[in-house]
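Geometric and topological summary
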Amino acid sequence: MLVLRRPILFASLAGTLLAACAGPASQGGSAGPASSEVYALRYGTLRNFPVSNLVAGADTTRRMDIALMVWLIKRPDGRNVLVDAGFHRDKFMQRWKPADYLKPSDAVRLAGLRPEDITDVIVSHVHWDHLDGADLFPNARIWLQRDEYTHHVNGAGRPLDRAIDSLDAAMLLALNRAGRVRLVEGDSAEIMPGIRGYTGGKHTFASQFVTVQTANGTIVIASDNMYLYENFTKHAAIAQTLDAASNLRAQARMGQLASSPRLIVPGHDPEVFVRFPAPGKGVAKIQ
Ligand SMILES: [Zn+2]
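Computed from a predicted structure; not experimentally measured.

Observations concerning the nonpolar core
The biggest cluster of nonpolar side chains holds 67 residues, and the ones touching the most others in it are Val70, Trp71, Val121, Ile221 and Val265. If you tally residues by element for this core, the top one is strand β2 (residues 63–74), at eight residues. Sequence-distant contacts of Ile221, that is, excluding residues within four places in its chain, are made with Trp71, Val83, Phe209, Val210, Val212 and Val265.

In structure tokens:
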């Protein structure tokens, strides 16, 4: 009997320890931002894009069809947060002629939401294909880094840097005057519980990437601070950066922040929808 009791006691103690260790995670999973869900939503394709414009040092003859995406964070508190807003203005449609295009406000319908259900848009950077759609979501607060805003837009809504299109600079000022812009204060700033913005990617002056706490761990939404999985695996800076060394440091940091390298979501890689095939039809649940 005594011989048998020992293993039973030990097993019981081990079970208690395991339960204690699992406690905080399971609490977060049911009640807090840890149960947020993250989706990539595809709203189009740019065909035949030169890979050397995405990956520093890539073979200049390589071309690929790249994905146009926004990312949706569905939170248990009812907030529906987009990271980036895509584009919709005619000027960009004419110039870039995206294939399989969906207006970003219709892309959120793929995930069962209406444009007015989007409560927040976190803009990673001011390029047209990430910022231009911000005015498609009438109830959203628009978050971007303070330095990204002040570097690119003057008090009259005109561009201070070529990185922002004049139409988008005017839109940003209008949104700001309407009281809808929230400025994020630098690196590792909490935007809302479980969501933080990080600078250093240097795709633009103060481009940011975003971490999200989920039941599956920390997900990194890199946006253009890491265009393709290939940037990460080959330790290759993005081809369009103000500071390649800073970009490589930012990518390494994404690797430390993410619970697994597979949870780093690149900005334009169609492979996202291969690695995360569910639920499908342009929607990839990152998990
Ligand atoms: Zn960009």
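Quick look at the sheet that holds β2
Read from one edge of the open sheet, eight strands run β6-β5-β4-β3-β2-β1-β13-β12, paired in mixed fashion. The sheet is open, and its two borders are formed by β6 (181–184) and β12 (279–280), each paired with just one other strand. Two elements, strand β1 (residues 37–50) and β2, share eleven bridges in a ladder whose sense is antiparallel. Note that in β2 the partner of Gly44 across the bridge is Leu68.

Here we look at the sheet that holds strand β8 (residues 195–198)
Ordered in space as β7-β8-β9-β10-β11, the five strands form an open sheet in which the pairing is mixed. Taken across any chain shown, the strands that pair with only one partner, and hence form the sheet edges, are β7 (189–192) and β11 (264–266). Each strand of the sheet is rotated relative to its neighbour by a mean of 25°, with strand direction disregarded. As judged from the five bridges shared by strand β9 (residues 209–214) and strand β10 (residues 217–223), these two strands associate in the antiparallel manner. What sits directly across from Val210, in β10, is Ile221.

Thoughts on helix α8 (residues 244–257)
The terminal C-alpha atoms of α8 lie 20 Å apart, and with 14 residues this matches the ideal 20 Å at 1.5 Å per residue to within 8%. In this structure, the buried residues of α8 make contact with β9, β10, α7 (229–233) and β11.

With respect to the confidence of the model for the protein chain
Confidence along the protein chain averages 91 in pLDDT terms, with 88% of residues attaining 70 or more. Model confidence for the protein chain, summarised as mean pLDDT per element, is weakest for helix α1 (residues 2–31) at 38 and strongest for strand β4 (residues 120–122) at 99. A low-confidence stretch, residues 1–34 stays under pLDDT 50, and its non-local contacts, those more than four residues away or across chains, total 14 contacts.

What about helix α6 (residues 166–177)?
For α6, spanning twelve residues, the distance from its first C-alpha to its last is 17 Å, which sits close to the expected 16 Å at 1.5 Å a residue. Taken as a whole, α6 has its buried residues at Asp168, Ala169, Met171 and Leu172. The buried residues of α6 occupy an angular sector of 160° when projected down its axis, which confines them to one face. In this structure, α6 carries Ser166 and Arg177 as exposed residues pointing more than 90 degrees from its buried face. One or two steps after α6, the chain reaches Gly179, where phi turns positive at roughly 80°.

Reading guide: rules and limits
Residues numbered from 1 in each chain as written. Predicted model: local features only at pLDDT ≥ 70, side-chain atom pairs only at ≥ 80, totals over all residues. Core = buried A, V, L, I, M, F, W, Y, C linked by C-beta atoms within 7 Å. Buried ≥ 20, exposed ≤ 12 C-beta atoms within 10 Å, placed from the backbone. Helix = DSSP H or I, 4+ residues; strand = E, 2+ residues; numbered from the N terminus. Contact = placed C-beta atoms within 7 Å. Pairing = 2+ DSSP bridges. Axes fitted to C-alpha atoms, helices over the stretch in contact; angles between N-to-C directions. Expected span 1.5 Å × (residues − 1). pLDDT = per-residue confidence, 0-100. Arc of directions from axis to C-beta.

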